[in-house]
Amino acid sequence: MTDPADRDLGLDRDIPRRDLLNGVLWSAAAAASPLDRLLGAAGPEPYPPALTGLRGSTDGSFEAAHKLRDQTMPPEWATPRDTGEKYDLVVVGAGISGLAAAHFFRKRSGPRARVLIVDNHDDFGGHARRNEFTVDGRKLIGYGGTQSIDTPGSYSPVAKALLAELGIDTAKFNQAYDQRFAERFHLGSGFFFDRETFGVDRLVSRAEGEAWPAVIARMPFEPDVRTDLVRLFASTTDYLAAMSAAGRKRALLRMSYLVYLRDHVKLSPRAIPFFQSWTHDLYGVGIDAINALDCKALGFPGFDGLGLDPAPIPGQGASASRIEEEPYIFHFPDGNASVARLLVRRLVPGSIPGSTMEDVVTAPCHYGLLDRAANGTRIRLASTAIRVREDRGGITIAYVRGGKAESVRASRVVLACWHGVIPHLCPELPGEQRTALRYGVKVPLLYTNVALRNWKAVAAAKVADVKAPGSYWTSAMIDFPVSLGSYRFSTGPDQPVLLFMERTPCKPGLPEKEQHRIGRNELLATPFSTYERQIRSQLTRMFGPFGFDAVRDVAGITVNRWSHGYAYEYNALEDPIFPPGKAPHEIARQPFGRIAIANADAAAFAYTDAAIDQADRAVRELTRPPAQRG
Ligand SMILES: Cc1cc2nc3c(=O)[nH]c(=O)nc-3n(C[C@H](O)[C@H](O)[C@H](O)COP(=O)(O)OP(=O)(O)OC[C@H]3O[C@@H](n4cnc5c(N)ncnc54)[C@H](O)[C@@H]3O)c2cc1C
């Protein structure tokens, strides 16, 4: 089978994918720059969630920061224009942490407090990003980043209280999330075997609860490899019999799942590629870089005979501790963008009409209201902070907007941006803190929404989600079946739906951080046309045999590029176990003067509650009486 030609894939078709705003092509609008139009300086009110094509960290959002990093800023940025604006608090970063910090600060300082939030992106929410499509007259709402409220039962009292204050009652997802969706449409899980890796293109589905031997019998492996896989999935063998009970968990923590499968299970090398990407969605790297103990916590096969006690041990990945505590159903149609929107609704009254967690789903956002002088809180988008300095009894914050540097003054600052940026904003920080801020490397990844006119082919394939371990996109799945407020999920295969696809551009075999650095460069160098071709080609190869036609069925595409994605979490294979208080993220997040540090990086934990908790800590540091400050 050869790759389908571009025409057969529909690459020449006019679908919403390239710089469309509310269905109006940028090029069709007047002479103002796209940025001006987006910010409402010209033309109709902007609405970034409806932009399609390449989103996430878009072109235009990171260039100023990279010039700062590379010390190639134009000389005029050294003398920014003073706007004359003064604030009680400036927050750098409009992600959930920055928005929560503004909220906590106003609660502590009173409603007269004046706050400015700046963010380099054209939309607020940071990773909590909303994607919208209109297909055949129907609105489809998807998530472009932060997916779900993960195990809310384990949230801190502060994070739980914030959700409650925003009107989020997680119990409502028990009804909103259609938990019988897969059963009703007879959808199981699928595995796509690509010919480059496995010799043939084949989609193999596994019905819920179907025994592994029957599934493995349909996989394109030689008989001896199938036998080996059956042994792995069924096994009660103790593959670490030579080790003491106490030493096993420590050994699994220090060996990758790849090493475990290869050297201890002695699984056929031809079977190992089947598992390679199983850790991508959670960690952004494959099984070569993730310890076997975390993989056991994730439910991967091969551990049943080891008799391990299930309690996590020191050094075990933080993400693994969350597995299976609660169902994964706490999902707004736009993911945690709804959390960000509920915060914005509070911070800028009138910007997002309504009052409940239900009505926020379909409520519009009036972006033109976010940065008005009359607001108690102003949100200034497409503005990249380039300098934060204490001087003259206050703090000067310089940022670049539309290619020009401006400055404002503040009494306090929360840096709710990424750790790696902070040494460039504040070069006078102590050397140890700057080193600690640079320790982690954020995880690069692509979150893609493909709007389909119908999902008949997916239903015919009998899969709700597909792992594609050898393919460009290593997973694909039908959107979460959530109907909330007046928003209704697709009622059947003949209705439009979003198909979510994910890629993490890792480089197996290298240390994790190196994989992330190389992957980030790949993301920044890849044009949207490549992503689109890979999407259409892979969907055709996976679902073509079940009736999928990329030309007919694809109605829109948004690729969310997160070159600086998940916060770095310590990797038991590479990082030491740090003594309490001495971990890099703890050294990095120390306040200095009247500047405090929030963001999920400050917790070394890539979750929404971490972003909230760090905002709370940062605001407490800034608002406690001077005598109690360190
Ligand atoms: C693809 C993806 C999926 C995820 N899924 C989940 C999930 O399902 N559940 C979950 O709990 N967590 C998830 N996360 C983790 C997510 O990062 C956190 O939950 C949380 O949203 C992080 O919020 P934050 O405010 O700390 O950081 P961010 O959301 O990264 O916000 C920081 C903001 O600061 C901005 N900034 C950086 N430098 C500057 C500068 N110099 N000037 C101005 N602004 C700047 C950034 O551009 C960004 O907008 C996911 C993350 C990603 C990337």
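Small disclaimer: the values here were computed from a predicted structure and weren't measured.

Here is what the cut-offs are and how they apply
- Residues numbered from 1 in each chain as written.
- Predicted model: local features only at pLDDT ≥ 70, side-chain atom pairs only at ≥ 80, totals over all residues.
- Heavy atoms only, no water.
- Domains from an automatic or database assignment.
- Contact = heavy atoms within 4.5 Å.
- Buried area = accessible area lost by both parts, 1.4 Å probe.
- Salt bridge = Lys/Arg side-chain N within 4 Å of Asp/Glu carboxyl O.
- Helix = DSSP H or I, 4+ residues; strand = E, 2+ residues; numbered from the N terminus.
- Nonpolar A, V, L, I, M, F, W, Y, C, P; charged D, E, K, R; others polar.
- Buried < 20%, exposed > 50% of the residue type's maximum accessible area, 1.4 Å probe, protein only.
- Lys, Arg positive; Asp, Glu negative; His and termini not counted.
- Near = heavy atom within 4 Å.
- Polar contact = N/O pair within 3.5 Å; in protein donor to acceptor, adjacent residues only side chain to side chain.
- Areas by Shrake-Rupley, 256 points an atom, 1.4 Å probe, with all protein chains shown as cover.
- pLDDT = per-residue confidence, 0-100.
- Phe/Tyr/Trp six-rings, centres within 6.5 Å; stacked < 30°, edge-to-face > 60°.
- Lys NZ or Arg CZ within 6 Å of the ring centre and 35° of its normal.

Peer 1: Give me the lowdown on the domain arrangement of the protein chain, citing residues and values where you can.
Peer 2: Note: interface size is frequently given as the accessible area lost on complex formation between the parts. For the protein chain, the assigned domains read domain 1 (1-45 + 180-210 + 443-563), domain 2 (63-127 + 333-441 + 569-628) and domain 3 (222-270 + 275-322). A straight line from the C-alpha centre of domain 1 to that of domain 2 covers 31 Å. At the interface, 18 residues of domain 1 touch 21 residues of domain 2. Regarding the contact of domain 1 and domain 2, the summed buried area is about 1,700 Å², with carbon and sulfur atoms giving 65% of it. Applying the counting criterion to the domain 1 and domain 2 interface returns 0 salt bridges. If you list the elements that add at least two residues to the side of domain 1 that touches domain 2, you get α2 (34-38) and α19 (512-525). Element by element, the count of residues in the side of domain 1 that touches domain 2 is highest for α19, at 6 residues. Counted by class, the side of domain 1 that touches domain 2 contains 10 nonpolar, 3 polar and 5 charged residues.

Peer 1: Can you lay out unusual backbone geometry for me, pointing to particular residues and giving the numbers?
Peer 2: Phi is positive for Asp 136, which is not a glycine, with a value near 50 degrees. Along the polypeptide, Asp 136 turns up in the loop between β6 (130-135) and β7 (138-143). For Lys 462, which is not glycine, the phi torsion reads 60 degrees and is therefore positive. Judged by relative accessible area, which is 48%, Lys 462 ranks as partly exposed.

Peer 1: How would you explain the environment of Ser 268 if you had to name every residue and give the values?
Peer 2: Mapped onto the fold, Ser 268 is located in the loop between α12 (257-264) and α13 (280-283). When the C-alpha positions of Ser 268 and Asp 150 are compared, they lie 35 Å apart, and in sequence the two are 118 residues distant. Residues within four places of Ser 268 in sequence aside, it is in contact with Val 225 and Asp 228.

Peer 1: Summarise the side chain of Asp 123; cite the residues concerned and give the values.
Peer 2: With respect to the element layout, Asp 123 can be found in the loop between β5 (115-118) and β6. Buried charged residue Asp 123 carries no salt bridge. Nearest counter-charge: Arg 129, at 4.4 Å.

Peer 1: Could you give me a rundown of the pattern of salt bridges, with the residues and numbers involved?
Peer 2: Counted under the stated rule, the structure contains 44 salt bridges. For the salt bridge of Arg 130 with Asp 334, the shortest nitrogen-to-oxygen distance reads 2.8 Å. Of this pair, Arg 130 sits in strand β6 while Asp 334 sits in the loop between α14 (292-297) and α15 (337-347), placing them 204 residues apart in sequence. For Asp 334, a relative accessible area of 1% translates into the label buried. Taking the shortest distance from any N to any O, the salt bridge between Asp 371 and Arg 401 comes out at 3.9 Å. Here Asp 371 is found in the loop between α15 and β10 (377-380), whereas its partner Arg 401 is found in strand β12 (residues 394-401), with 30 residues between them in sequence. Accessibility expressed as a relative area gives 22% for Asp 371, which makes it partly exposed. In the salt-bridge network here, residues are joined through shared partners; they are Arg 81, Glu 85, Asp 371, Arg 378, Arg 380, Arg 401 and Glu 406.

Peer 1: Requested: an account of the site of the ligand, with residues and values cited.
Peer 2: Residues in close proximity to the ligand total 34 residues, the closest being Asp 119, Asn 120, His 127, Trp 418 and Thr 608. Side-chain polar atom of Asn 599 to an oxygen atom of the ligand: 3.0 Å apart, as the coordinates give it. Within the complex, the protein chains bury 98% of what would otherwise be the 980 Å² of accessible surface of the ligand. Contributions of two or more residues to the shell around the ligand are made by α4 (96-109), β11 (383-391) and α23 (608-623). In terms of residue count, the dominant contributor to the shell around the ligand is β11 (3 residues).

Peer 1: Account for the confidence of the model for the protein chain, with residues named and values stated.
Peer 2: Residues at a pLDDT of 70 or more form 93% of the protein chain, whose mean pLDDT is 93. In this model residues 18-43 is a low-confidence stretch, pLDDT under 50, and it forms 46 contacts with partners more than four residues away in sequence or in other chains.

Peer 1: Kindly report on the packing of aromatic side chains, identifying the contributing residues and their values.
Peer 2: Each aromatic ring pair is described using two quantities: the centre-to-centre distance and the angle formed by the ring planes. Enumeration over the complete set of coordinates arrives at 42 aromatic pairs. Geometrically, the ring pair formed by Phe 193 and Phe 221 is edge-to-face, given 5.7 Å between the ring centres and 90 degrees between the ring planes. Here the residue Phe 193 occupies a position in strand β8 (residues 188-193), and Phe 221 occupies one in the loop between α9 (212-217) and α10 (223-234), the gap between them amounting to 28 residues. Judged on exposure class, the residue Phe 193 and its partner Phe 221 are both buried. Here the basic side chain of Arg 206 rests over the ring of Trp 212, its NZ or CZ set 4.1 Å away from the ring centre. Residue placement shows Arg 503 over the ring face of Tyr 472; its charged tip is 3.8 Å from the ring centre.

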